[in-house]
Amino acid sequence: MIVCDAITKTYKNTLTVLSNIDLQVGKGDRVSIMGPSGSGKSTLLRLMAGLEDPTTGTVRVNDQNLKSLSDDDRSQLRATTFGFVFQSFRLFSPLTARENVELGLWLMGVHDSKDIARDWLDRVGLGDREHHYPHELSGGEMQRVAIARALAPNPPIIIADEPTGNLDHAHSERIQRLFFDCLDNRSAGLIMVTHDPKLAAMCSTRYRLDHGTLVPE
Amino acid sequence: MTLPRRTLLTILRMPRRYQLAIASVLTVSMMLMNGHHFLTRGLSNTLANQSKSLLTADIEIASTRPLSADAIAAITQTLPAHDVATRRIFSSMIQTGDTPTIIEVVAVDNAYPLVGDCLVHTATGVSPIQTIMSQQPNPIVIAAALAEVHGINLGDPLTIGRFTGTVQGIVASEPDIRIQSVAYGPRVYVHADDVLRMGFDPALSRMYHSRFIRLSDPAGAIDATIARLQAALGIVGNSKTIQGSYGPSQPIVVRGYRDINPAMIQGFYQLNRFFGWLSVMLLLVSCLAFGYISWLQRYRAQASIDQLRHLGVPYATIQRTFFAASLRLSHIIVGLGLLGGWGLAQITGQMMYAAIGISGSWLMPTLVDLITLSALGYVTVVGTAGIVGYVSHHSDASPRQKQAILGGGMALFIALLWGIGGGSILEFVWGLGGLLVAIAVFYGLDRLLRYVLTRLPLPQSLPLRLAIIYLRQAQALRTTSIITLGMALTVIMVIAHYKASLLAEFTPKNSIPQLFVMDIYPDQKEAFMAMFTESTIAPLVRGRIRTINDVPATDYAQNAGIDDPYFLFREQNVSSRATTQVGESIREGQWFTPEDPRIEMSIEERFANQLALSLNDTVTFDMMGQPLTATITSIRRVDWGTFLPNFFMIIEPPYLAPFPQTHVAAIPPLANQPLADIKRDLARAFPTVAVIDIAQTSQKIMGFLQIIGTAVTVGALYATAIGVVLLLVVFSLLSDLRQASAMQLYWIGMPISHIHRMIHYEHGIIIGLISVTSAIVSTISYALLIARSPLPFTLNPWPLFLTPLVLVAIASRHWRSHQQHWTPQTDV
């Protein structure tokens, strides 16, 4: 579970991006956050992932205050607790589709990972592309690999930053369905940042970030 | 659509720090190349202008024995009208107070020098040496160093051998001090007629005899006259080499003033060749580096290029922008390269003039030189950028086409380099072949690495696993890194080996003798041995090789393809003894056996290689007019650093006994007798012997070695500096390329320490393999290079061990210095 308690983020003491945010995401929760560009959505995700510290307030993951953890511990936490899906896919170009999926497992210390990765590629409809490199895949296919990579280690929390932002309408709908199909019957919590109201509507809890303040919708 | 050139340059150019680095590397390489060219050309011109007065005549007839009456008659008959002067140079000792000094005696007649001035300070002012030699009785003229160090004054008596003369002048200036000297010690001029009064036997003592000729009409006739003289004297071949105490390459050598240029810079020849080679290699490595970095820049700029093309900027415009950028870089490199090269040539030139002992003016490059070297600069930079542009963006071209373009460009470049350096076609073919082989080796290493990595089971360790995956995939990056860095390291290691060989050759051992005594006459031998019981003494017969396996030496030299026939034609020192001595070991065959009916001969290993001699070859000598034929039955290795009387050729006793001979001896340090006392005793008891002070000689050798060592070190530093800049740029670019993926890995939970480890593994594997392969390639290349040189094959192990460590340290340091660019801020 992630608990954000009154967090504020200010840059250079003048620019307040987030102000007094309270948020809880637990098992099975589906949370979406909408907001205009520059409203602080991605910053909030970075704070929750422990990539940055809030200026005030605390972020607790599984009852651990992130600020009290070392950088290596936070990395460990990210590897075991979070699955990330990014707008720009962020696949690793030297790795094949299967190796990209395996990467999440390797980071959790699972080395016998080929079958799991193949299984996930099958699930996302890319069973025949396991040896293909990212530059040999389309945008939609890359995002499917990214979803498989995020979900394969079975993390308790998925963080998705505009997962369909780089895709056309048809692909976007297909990926949305796939993403939520994959999440079905899983207890993982989801925090998703998006501009797409349709995508946001698929979540049970919806927020809007407005001038740094989190407002329920 | 068009964009302003400036905007396009801003988008596409490489970061300033890379521009600066590559401009420095190329400029420094061009400076070395230009400087070497200016120096070689300028020095030749200066020497050509001064060579007649340096020779002191139009023509010199040089010999190791006095010319016979028949030879003189032949000369007179060939040249009825000409002026003549004679000179002999040999070593002896003088005694001033209690201090004996080894000197170089220059015995001249009244006419010497025919051209140029040998001026002398006398009691009445400065006079030509001819005035003293022709007008004074028992004249002696001494070098200024003798007057200053030993306090000898005008009018003082001076004894040389059994002759005592009067000092009547101190040398003010000599025309030939550097080019015609055995350099045993300071010079003392005496009259030629007084040599016999000194007690020296011109037939036995080692002397360098010269008969100088000034033609009444020298214009345009020198070469024809030399040819006529050679014919009249029965000289076969045209070798005009003269080296120190070994003297002329043939019994008689005829040479004109224009022939002395190569001889003058003989000592610098190897150094000159080394720097010529070094400048070519460094420019080549710099060029490879530039090509590599340009390619990486294109790789980095690919996204921008795609965007520009999407925006409607034609591809040709993009290419023109890259061309403009490389042209701008060329202006800087060519300009600074010419200017720096000229400065480098001036500094080195003045140092060389001082070493040779001639006055030289500023070295001025010709217009042709400036145009040629500028063209080389532009071809280097623009050509490389052009090839990179072609290879980067002609995706439809096959790998063979790309390889052909690369190979053709490189061949053109090397041809231009060798053309400027004045090398032969053979050297060009060897150079290009060697280079391609070296590149092929590194390319092969890359293929092997890829083969191994793709078949290697991935390890459990995630950093190592990812490092291997990255290495496996980043093909072009890996290949170019391996070739470029491999070539740079190979150059650095070859230089280090060269220096090691120089040190091994010239550094004297600890327990060396202190004096080397030559020209001990047969009637002096017993007395000498009685006086110096601890000395090592050996007979010495001077002879020349007439035939090898019944083939005349000149034909043999041609048939066997001997590189330097001087070693075949020169006067040989042949000795005889029954056993081997300290520092010798038999490499082939066996030492003399009484059962063998042939006259056996042992020959030194490197000398045998130089003359292409092997076991059972028969060699016929002309020993003072008498023939001696011996068969090679052993080839031995000699440790020359012992400074014992070692010889290239040893004849089985007693077959050398009937020939006219002297003895040479080495006197070790004596416990109760200071060196000065030994020299004094020698001068008194044996006034006609020639003595070499080993300490002084080894100091001279070490001094020379120091010059060469410094030059080689400068070369190594040059290469290393270029290599380090290149490495920094490469690692910097690699780090930039790795930053994005490092950031992603960090996001999804890979600890920073693991990311560092992954990068270090990647660098470590590449560096380790490059270092090991460079070590092997440099060792083989050096073995091939040194095979044709008299230097021993000695490896310097330090770069082999240190280079990988330094490279890993640089890579690690550089990666960590980039950490701040990709690690997210944790504290705002």
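Reading the values: the criteria
- Residues numbered from 1 in each chain as written.
- Chains lettered and ligands numbered in written order.
- Predicted model: local features only at pLDDT ≥ 70, side-chain atom pairs only at ≥ 80, totals over all residues.
- Heavy atoms only, no water.
- Helix = DSSP H or I, 4+ residues; strand = E, 2+ residues; numbered from the N terminus.
- Buried < 20%, exposed > 50% of the residue type's maximum accessible area, 1.4 Å probe, protein only.
- Contact = heavy atoms within 4.5 Å.
- Areas by Shrake-Rupley, 256 points an atom, 1.4 Å probe, with all protein chains shown as cover.
- Buried area = accessible area lost by both parts, 1.4 Å probe.
- Salt bridge = Lys/Arg side-chain N within 4 Å of Asp/Glu carboxyl O.
- Core = buried A, V, L, I, M, F, W, Y, C linked by side-chain atoms within 4.5 Å.
- Axes fitted to C-alpha atoms, helices over the stretch in contact; angles between N-to-C directions.
- Left-handed = near helix turned anticlockwise from the far one by under 90°.
- Nonpolar A, V, L, I, M, F, W, Y, C, P; charged D, E, K, R; others polar.
- Pairing = 2+ DSSP bridges.
- pLDDT = per-residue confidence, 0-100.
- Phe/Tyr/Trp six-rings, centres within 6.5 Å; stacked < 30°, edge-to-face > 60°.
- Lys NZ or Arg CZ within 6 Å of the ring centre and 35° of its normal.
- Polar contact = N/O pair within 3.5 Å; in protein donor to acceptor, adjacent residues only side chain to side chain.
- Patch = residues over 30% accessible without salt bridge, like charges linked within 9 Å, V, L, I, M, F, W, Y side chains within 5 Å.

Chemist: Summarise the overall build of chain A; cite the residues concerned and give the values.
Modeler: The number of helices and strands found in chain A is seven helices and ten strands. The buried share of chain A, reckoned over its 217 residues, is 56%. Counted over contacts in chain A with a minimum sequence separation of 6, partners at least 24 positions apart contribute 67%. A total accessible area of about 9100 Å² is found for chain A, and carbon and sulfur atoms account for 46% of it.

Chemist: Describe in detail the overall build of chain B, supporting the description with residues and values.
Modeler: Tallying secondary structure elements over chain B gives 25 helices and 24 strands in all. A total of 828 residues make up chain B; the buried ones form 52% of that total. Carbon and sulfur atoms form 61% of the exposed surface of chain B, whose accessible area is close to 35100 Å².

Chemist: Describe in detail the interface of chain A and chain B, supporting the description with residues and values.
Modeler: How big an interface is tends to be stated in terms of the accessible area lost upon association of its parts. Listed per partner, the contact involves 28 residues of chain A and 24 residues of chain B. Overall, the association of chain A and chain B removes approximately 2600 Å² of surface from exposure, summing both partners, and the carbon and sulfur fraction of that is 63%. Put simply, chain A and chain B have one salt bridge between them. The shortest N-O distance in the salt bridge between R472(B) and E99(A) comes to 2.9 Å.

Chemist: Outline the nonpolar core, listing residues and values.
Modeler: Judged by nonpolar contacts, the single largest core of 74 residues is most densely connected at I22(B), L282(B), M487(B) and V491(B). Examining the composition of this core, we find that 15 residues originate from one element, helix α9 (residues 266-300) of chain B, more than from any other. With residues up to four places along the chain from it excluded, the contact list for V491(B) reads L278(B), M281(B), L282(B), V285(B) and A719(B). Counting 53 residues, the second-largest nonpolar core is a separate cluster that includes V61(A), F82(A), L214(A) and L466(B).

Chemist: Give a description of the environment of L339(B) that names residues and reports values.
Modeler: Mapping L339(B) onto the fold places it in helix α11 (residues 315-356). Spatially, the C-alpha atom of L339(B) lies 9.9 Å from that of M30(B), the residues being 309 residues apart in sequence.

Chemist: Hey, could you go over the packing of helix α3 (residues 97-107) of chain A against helix α4 (residues 114-123) of chain A for me, with residue numbers and the actual values?
Modeler: Residue and element names in this part refer to chain A. Contact geometry of α3 with α4 gives a least axis separation of 9 Å together with a crossing angle of 120 degrees. Read as a crossing pair, α3 and α4 show a hand that is right-handed. Contacts between α3 and α4 involve A97, R98, V101, E102 and L105 on the former and, on the latter, K114, I116, A117, R118, W120 and L121. Its residues placed into classes, the contact of α3 with α4 shows seven nonpolar, no polar and four charged.

Chemist: Please set out the pattern of salt bridges residue by residue, giving values where relevant.
Modeler: All names here are of chain A. Evaluated as defined, the whole model comprises 27 salt bridges over all chains. Between D119 and R123 there is a salt bridge, with its nearest N and O atoms 3.6 Å apart. You can see D119 and its partner R123 sitting in helix α4, four residues apart, about one turn around the helix. The partly exposed category is assigned to D119, whose relative accessible area is 37%.

Chemist: Which residues make up the sheet that holds strand β2 (residues 15-25) of chain A, and what values go with them?
Modeler: Residue and element names in this part refer to chain A. Strand order in this open sheet of four strands is β2-β1-β4-β5, and the pairing throughout is antiparallel. Taken across any chain shown, the strands that pair with only one partner, and hence form the sheet edges, are β2 and β5 (64-65). With two bridges connecting them, strand β4 (residues 56-61) and β5 associate as antiparallel partners. Across the sheet, residue V61 finds its bridge partner in β5, namely Q64. Those strands touched by helix α1 (residues 41-48) are β1 (2-11), β2 and β4, and its axis lies near 125 degrees from that of β1.

Chemist: Could you give an account of the confidence of the model for chain B, naming the residues involved and the relevant values?
Modeler: Residue and element names in this part refer to chain B. Averaged over all residues, the pLDDT of chain B equals 79, while 85% of them reach at least 70. In the predicted structure, residues 822-828 sits below a pLDDT of 50 and forms 21 contacts with residues beyond four places in sequence or in another chain. ipTM for the predicted complex: 0.80, alongside a pTM of 0.63.

Chemist: With reference to specific residues and values, describe the sheet that holds strand β6 (residues 82-86) of chain A.
Modeler: Residue and element names in this part refer to chain A. One open sheet holds the six strands; their spatial order is β6-β7-β8-β3-β9-β10, and the pairing between them is mixed. The open sheet terminates on both sides in strands that have one partner only, identified here as β6 and β10 (213-216). Taken over all neighbouring pairs, the strand axes of this sheet differ in orientation by 20 degrees on average, direction set aside. Running over the sheet, helix α5 (residues 139-151) touches β6 and β7 (157-161) and is turned about 170 degrees from β6. Lying on the sheet, helix α6 (residues 169-183) is in contact with β3 (30-34), β6, β7 and β8 (189-193); it crosses β8 at an angle near 160 degrees.

Chemist: Give me the packing of aromatic side chains: which residues, what numbers.
Modeler: Taken as a whole and judged by the stated rule, the model has twelve aromatic pairs over all chains. Here F82(A) and F84(A) contribute two aromatic rings whose centre-to-centre distance is 6.0 Å and whose plane-to-plane angle is 55 degrees, an arrangement assigned as tilted. Of the two residues examined, F82(A) and F84(A), each falls in the buried class. Ring pairs connect the aromatic residues F82(A), F84(A), F86(A) and W747(B), which therefore count as one cluster. Cation over ring: R90(A) sits above F86(A), and NZ or CZ is 4.5 Å from the ring centre. Its guanidinium or amino end placed over the ring of W747(B), R90(A) lies 5.3 Å from that ring's centre, counting from NZ or CZ.

Chemist: Break down the pairing of strand β21 (residues 626-638) of chain B for me, with residues and values.
Modeler: All names here are of chain B. For strand β18 (residues 584-589) and β21, the ladder comprises five bridges, and the chain directions are antiparallel. Counted as the bridge partner of G589 is S634 from β21. Note: strand β19 (residues 600-604) against β21, five bridges, orientation parallel. Each residue of the ladder has a partner; that of S602, found in β21, is S634.

Chemist: With reference to specific residues and values, describe the side chain of T27(B).
Modeler: Residues and elements named next belong to chain B. You can see T27 is positioned in helix α2 (residues 16-55). Judged by its relative accessible area of 8%, T27 is buried. For T27, the side chain forms a polar contact with the main-chain oxygen of A23, separated by 2.5 Å. Once residues within four sequence positions are removed from consideration, T27 is found in contact with I333, L336 and G337.

Chemist: Now, about the side chain of H763(B): what can you tell me, with residues and values included?
Modeler: Mapped onto the fold, H763(B) is located in helix α23 (residues 752-786). Contacts of H763(B), omitting those with residues within four sequence positions, involve F731(B), L734(B), G768(B) and A811(B).

Chemist: For unusual backbone geometry, give the residues involved together with the corresponding values.
Modeler: Cis geometry marks the peptide bond from Y112(B) to P113(B), where omega comes out at -5 degrees. Backbone torsion omega between P653(B) and P654(B) reads 5 degrees, so that peptide bond is classified as cis. If you trace the backbone, P654(B) turns up in the loop between β22 (649-651) and β23 (662-667). Not every positive phi belongs to a glycine, and N20(A) is a case in point at roughly 50 degrees. Mapped onto the elements of the fold, N20(A) is located in strand β2.

Chemist: Would you mind going over the pairing of β10(A) in detail, with residue names and values included?
Modeler: Bridge count between strand β9 (residues 205-210) of chain A and β10(A): four bridges; the pairing is antiparallel. Its bridge partner being in β10(A), Y207(A) is matched across the sheet by P216(A).

Chemist: Tell me about a nonpolar patch on the surface, and name the residues and values.
Modeler: On the surface, a cluster of nonpolar side chains totalling about 370 Å² of accessible area is made up of L448(B), Y451(B), V452(B) and L456(B). A relative accessible area of 36% places L456(B) in the partly exposed class.

Chemist: Which residues make up the environment of S481(B), and what are the values?
Modeler: Its place among the elements puts S481(B) in helix α16 (residues 475-506). Classification of S481(B) by relative accessible area gives buried; the value is 3%.

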